[in-house]
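What the coordinates show
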Amino acid sequence: MAGEDKTVSGMAGRYASALFELASEAGQVDKVQADLGRFVALLEGSEDLRRLVKSPVFSSDDQSKAVAAILAKAGIDGIAANLIKVVAANRRLFAIESIIRGFNALVAKSRGEVVAEVTVAEALSPTHTSSLSSALKDVLGKEPKIAVKVDPAILGGLIVKVGSRMIDTSLRTKLNAIRTAMKEVG
């Protein structure tokens with residue numbers, strides 16, 4: 001379809017779109033986004049929760065019960081909690097992070113924000129963050145919202161993703177390019 005929104009796609013995109021519509025109609029976009037942010041923080045802080053979310057070994061009933069208890073303990077309720085419970089019941093909990101990213105992208109788009117996902121080898125200092133922000137502002141024409149992800153596996157440099165555009169200046173990518181070139185020579 002020509003007019004279809006390409007911000008999110010696939011199964012996770014359908015959940016994210018439905019969640020965004022529900023939150024918008026209820027006037028609770030900010031609350032849902034905050035609740036989902038807390039759930040992501042829980043995921044990042046607990047290896048056991050990540051295992052529960054990602055592992056196909058757990059039944060939907062086990063996942064649903066565990067998630068319901070975690071949400072209650074964390075004080076996450078309403079639309080966000082209902083979404084997470086439905087996703088668990090439908091055996092789609094493995095996609096919750098993609099669903100949340102899609103929801104956040106839809107929120108940013110509705111607000112006219114530009115989100116830059118930046119992957120770095122180690123945490124950025126405030127000076128580096130402001131330099132990166134001003135460089136991205138020059139390129140994009142508006143102030144970006146920067147989401148930083150630390151991944152030591154890239155060794156150095158950074159990977160910047162804005163929408164469908166990606167710039168990869170990571171040391172890992174450069175070393176892989178050199179390795180490939182050396183194989184062709186030898």
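Heads up: the structure comes first, above all this text.
Residues numbered from 1 in each chain as written. Predicted model: local features only at pLDDT ≥ 70, side-chain atom pairs only at ≥ 80, totals over all residues. Heavy atoms only, no water.

1. Some thoughts on a nonpolar patch on the surface
We apply this condition: A patch is a set of surface residues, each over 30% in relative accessible area and not in a salt bridge, joined within 9 Å for like charges and within 5 Å for the nonpolar side chains Val, Leu, Ile, Met, Phe, Trp and Tyr. The accessible surface values rely on the Shrake-Rupley method and a 1.4 Å probe; as for residues, cover is taken only from the protein chains in view. The rule for a salt bridge is simple: a side-chain nitrogen of Lys or Arg has to be within 4 Å of a carboxyl oxygen of Asp or Glu. By definition, any uninterrupted DSSP run of H or I lasting at least four residues is a helix, any uninterrupted run of E lasting at least two residues is a strand, and each is numbered from the N terminus.
Taken together, Leu155, Leu171, Leu175, Ile178 and Met182 make up a surface patch of nonpolar side chains, about 480 Å² in accessible area. Note on placement: Ile178 falls in helix α8 (residues 171-185).

2. Focus on the pattern of salt bridges
What counts, and what does not: When a residue's accessible area, from a 1.4 Å probe over protein chains only, is under 20% of the maximum for its type it is buried; when over 50% it is exposed; and in between it is partly exposed.
The tally for this structure, following the rule as stated, stands at nine salt bridges. Put simply, Asp48 and Arg51 hold a salt bridge, and the shortest N to O gap is 2.9 Å. Within this pair, Asp48 and its partner Arg51 are both found in helix α3 (residues 47-54), separated by three residues, close to a single helical turn. Since its relative accessible area comes to 43%, Arg51 is described here as partly exposed. When the shortest N-O distance is used, the salt bridge between Glu143 and Lys137 registers 3.8 Å. Classification of Glu143 by relative accessible area gives partly exposed; the value is 47%. Classification of Lys137 as partly exposed rests on a relative accessible area of 40%. Because the salt bridges share partners, they merge into one network encompassing Lys31, Asp35, Arg38 and Asp77.

3. Description of the side chain of Gln63
Quick note on the threshold: Should any heavy atoms of two residues lie within 4.5 Å, those residues are counted as being in contact.
Tracing the chain through its elements places Gln63 in helix α4 (residues 60-74). Setting aside its immediate chain neighbours within four residues, Gln63 contacts Leu52, Val53, Ser55, Phe58, Ala88, Arg91 and Leu93.

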